Each structure stands twice: as structure tokens, then as C-alpha cells.
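Per-entry structural report
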Amino acid sequence: MSRTSALLRVVLAYTLLLACTLVFIAPVLFMIIGSLKPDALVLAEAGSLRAFLPDTFSLDNYRAVFERVPFGAYLLSSLIVNGLIVGLGLLVNAFAGYALARLRWWGRGAMLGLVLAVLVIPFEAIAIPLFYQLSWLGWRDDWLVQAIPFVANPLAIFLFYSFFLGLPRELEEAARVDGAGVLSTFFLIVLPNAKAAFASVAIVLFLFHWGMYLWPLLMTTSEGVRPLPLGIANFYTLPPLQWGDIMAFGVLMVLPVLILFVVFQRWFVRGVASTGVKG
């Protein structure tokens, strides 16, 4: 292949990647820029390049969000619920993944098959039975009921399982020769070598549950415990309909996700690369 042909292929590849990037990033840019524009111009300029090249910027839409709804309460609820899911989920799913990957016990293969089977069942299929079960127990309308059912996550278990399969067994064998038990080996040897896996699982859990709408809708009635997805749904119904305010609410809702991904991007990429299926 000549140098000209190779250069042409590289240029075409990067052009295609740039086009795909613009397609995916354009809605986010439109939302961010729209949140800074007067409400009358958000839709009026949506069909032209002026949608991305505004003449004026203003923070009035963000001020209106905090004035019209209890945004702080929605944000606090989302942070608490997702903090519980991620914090407890990392511990529980890591234990489960380690037990499946490293320990030898009766029924381990069947349990792994069950985890994989549950992985393909959509939450919507079990939401109503779970709602009736917890309602019968009288457990509704708080932060815990929004978080506890999602602490154990089959995808997170499988990611940890795949990662732990690739760890050198010599590390654990050396620890056990020194007298370390299973828990000591896990916390002192395995855990320090699994930072990338923990970071990637944390981001996956956070992304999956930050925008969850159905379960909080079923289980909450008080504004004080409702998360951001229910908050923006309620905000959308408030008269008058102000698209600039809605765009500002959307930016405030996705901002924690963007910050989390930017901060932990390096760990996330490394974790995804290291949690592939080993064989």
C-alpha cells in the first residue's frame, strides 16, 4: 500500500470519527447553549447554526429552576440514593464476584448461571411484583427503598468476576501461606489490585441509576425524597412552559454524570479493558 493510500485511509477514518462525535455531542451542546439563551430563542433558532452560536448569554434560566422547584431537594435525593447504590454495591458485588471467581463451593456454577440469567431480565418485568411486595411490607417513600433493591447488580457481579479471574493466583497463595484468611486476602491483596475494576463498576452503577424514573415513581410520593428524574418530569408540567428553564434543569441534571466520567475516565477505560472475559 502506498503512503498516499495509507494517508487517505487515515484521513477518511478520522473524518468519520469526527462526524460521529459531532452527531453524539450535538444534542448536549444544544442543551447547554439553549440553557443560556432567552426562552423565546431556544426553539426559534433550533433549525439554524445560531442554535450553537448565540448572541447573548444569561443565567436567568438557572435562577428560574431554583425559584420554581425545590431543585436542591431533588439533587440531594439523587446523590443519597446513588451514593447508597454505588457504595454498598461495590462491596456486595465485589464479594459476590470474588466468591464466584476464586472460591470453590457447591453450587458455584449454578449460581454463576443464575447471575447471567438475571442479567438479561429487564427491570420493568419485575418492577410491579417488587412494588407489591415492598408495599405489603409497608416500606415506601424513603431513600432506602429506592436504593436497596439495586445494591446487588448482576452486571457488576459479572464484571468483578471477570476481573478476578485474571488476577494471578500467586498473590493469594502467598498471602495464605503467611496465614491470611479469605477476608484478609480479599482486603489486603485483592482489593488494592482491583482499583480499575472498582472505578469502572462505580461509573456503570452510577450511570444506570442516576436517570432511573420508573422505580422512584412507584415508590415515592413526597417531594423531599424524589430524585432528579421525577423532578424534571414535574418541572416540565409547570405552567408556563419555558424551554430555556427545562434546558437549564437538564444541564444541572447531567452535570454530575459528566464530572464523574471526566474525573474517572482513565480508570474507567482501564477497568473496561481489564474486565473482559478471560479464558
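Per chain, residue numbering runs from 1 following the sequence as it is written. Only residues with pLDDT of 70 or above have their local features reported here, since the model is predicted, and side-chain atom pairs are shown and tallied only from 80 upward, although totals for entire chains, interfaces and linings are computed over all residues. Where side-chain values are given, they derive from all heavy atoms of the structure, hydrogens and water being excluded.

1. With respect to the side chain of Ser-35
In DSSP terms, a helix is any run of H or I states spanning at least four residues, a strand is any run of E spanning at least two, and both are numbered starting from the N terminus. Along the chain, Ser-35 falls in the loop between α1 (3-34) and α2 (39-44). Here's how the labels work: a residue is buried when its accessible area is under 20% of the maximum for its type, exposed when over 50%, partly exposed in between, all with a 1.4 Å probe on protein chains only. You can call Ser-35 buried: its relative accessible area is 0%. Any pair of residues with heavy atoms lying within 4.5 Å of one another is described as a contacting pair. Once residues lying within four places of it in the same chain are set aside, the contact partners of Ser-35 are Ser-58, Asn-61, Tyr-62, Gly-244, Met-247, Ala-248 and Val-251.

2. Examining the domain arrangement of the protein chain
Reports often express the size of an interface as the amount of accessible area lost when the parts come together. Throughout, the edges of the domains are those of an automatic or database domain assignment. When its domains are assigned, the protein chain resolves into domain 1 (3-64) and domain 2 (69-238). The straight-line distance from the C-alpha centre of domain 1 to that of domain 2 is 34 Å.

3. Here's the deal with the packing of helix α8 (residues 154-165) against helix α11 (residues 195-210)
Fitted lines through C-alpha atoms serve as axes, helices being fitted only where they are in contact, and the angles separating the N-to-C directions of these axes extend from 0 to 180 degrees. At a minimum axis distance of 10 Å, the contact between α8 and α11 shows a crossing angle of 165°. In terms of orientation, α8 and α11 fall into the roughly antiparallel class. The crossing of α8 and α11 is right-handed. Contacts between α8 and α11 involve Leu-155, Ala-156, Leu-159, Phe-160 and Phe-163 on the former and, on the latter, Ala-197, Phe-198, Val-201, Val-204, Leu-205 and Phe-208. Each residue belonging to the contact of α8 with α11 can be placed in one class, and the counts come to 11 nonpolar, no polar and no charged. Between 65 and 115 degrees an angle is taken as roughly perpendicular, under 35 as roughly parallel, over 145 as roughly antiparallel, and anywhere else as oblique. The hand of a helix crossing depends on one turn: near helix anticlockwise from the far one by less than a right angle means left-handed, and clockwise means right-handed. Side-chain classes follow a simple rule in which Ala, Val, Leu, Ile, Met, Phe, Trp, Tyr, Cys and Pro form the nonpolar group, Asp, Glu, Lys and Arg form the charged group, and the remainder, Gly included, forms the polar group.

4. A short note on helix α3 (residues 60-68)
Turning to α3, its buried residues are Asn-61, Tyr-62, Ala-64 and Val-65. Around the axis of α3, the buried residues are gathered within 155° of arc, so they sit on the same side. The secondary structure elements touched by the buried residues of α3 are α1, α4 (71-102), α13 (228-237) and α14 (243-263). Throughout, the arc means the angular range of directions from the helix axis out to the C-beta atoms.

5. What to know about the packing of aromatic side chains
The way to describe two aromatic rings as a pair is by their centre distance and the angle between their planes. Any Phe, Tyr or Trp ring, taking Trp's six-membered ring, that has another such ring centre within 6.5 Å forms a pair; planes under 30 degrees apart are called stacked, those over 60 apart edge-to-face, and the others tilted. Scanning the entire structure with this criterion turns up 19 aromatic pairs. Seen in terms of ring centroids, Phe-164 and Phe-186 are 6.3 Å apart; in terms of plane orientation they differ by 75°. Their pairing is edge-to-face. Taken as a pair, Phe-164 in helix α8 and Phe-186 in helix α10 (residues 182-190) lie far apart in primary sequence, 22 residues in all. For the pair formed by Phe-164 and Phe-186, the shared burial category is buried. Ring centres 4.9 Å apart and planes at 25° place the aromatic pair Phe-206 and Trp-210 in the stacked group. Of the two residues, Phe-206 and Trp-210 are both situated in helix α11; the distance of 4 residues between them amounts to about one turn of the helix. Looking at Trp-210, the relative accessible area reads 4%, which means it is buried. Ring pairing ties together the aromatic residues Phe-95, Tyr-98, Phe-160, Phe-163, Phe-164, Phe-186, Phe-187 and Phe-198, which thus form one cluster.

6. Regarding the nonpolar core
We define a nonpolar core as any set of buried Ala, Val, Leu, Ile, Met, Phe, Trp, Tyr and Cys residues linked to one another through side-chain atoms lying within 4.5 Å. One finds Val-65, Leu-90, Phe-160, Phe-164, Val-201, Leu-228 and Phe-249 to be the most contacted residues of the largest nonpolar core, which totals 48 residues. Mapped onto the domain boundaries, this core takes at least three residues apiece from domain 1 (3-64) and domain 2 (69-238). The residues contacting Phe-249, other than those within four sequence positions of it, are Val-65, Val-69, Phe-71, Tyr-74, Leu-228, Gly-231, Ile-232 and Phe-235. Formed by 14 residues, the second largest nonpolar core is a distinct cluster that contains Phe-123, Phe-150, Met-212 and Met-219.

7. Considerations on the environment of Ser-78
Tracing the chain through its elements places Ser-78 in helix α4. The class for Ser-78 is buried, based on a relative accessible area of 1%. Between the alpha carbons of Ser-78 and Ile-121 there is a distance of 24 Å; along the sequence they are 43 residues apart. Reaching out from Ser-78, the side chain makes a polar contact with the backbone nitrogen of Leu-228 at a distance of 2.8 Å. Polar contacts, as counted here, are pairs of nitrogen or oxygen atoms within 3.5 Å of one another; within protein the pair requires one atom able to donate a hydrogen and one able to accept it, and residues that are adjacent in sequence qualify only if both atoms are side-chain atoms.

8. Quick word on unusual backbone geometry
Note the cis peptide between Pro-239 and Pro-240, where omega equals -5°. Checked against the element boundaries, Pro-240 lands in the loop between α13 and α14. Although it is not a glycine, Asp-141 adopts a positive phi angle of roughly 60°. Classification of Asp-141 as partly exposed rests on a relative accessible area of 24%.

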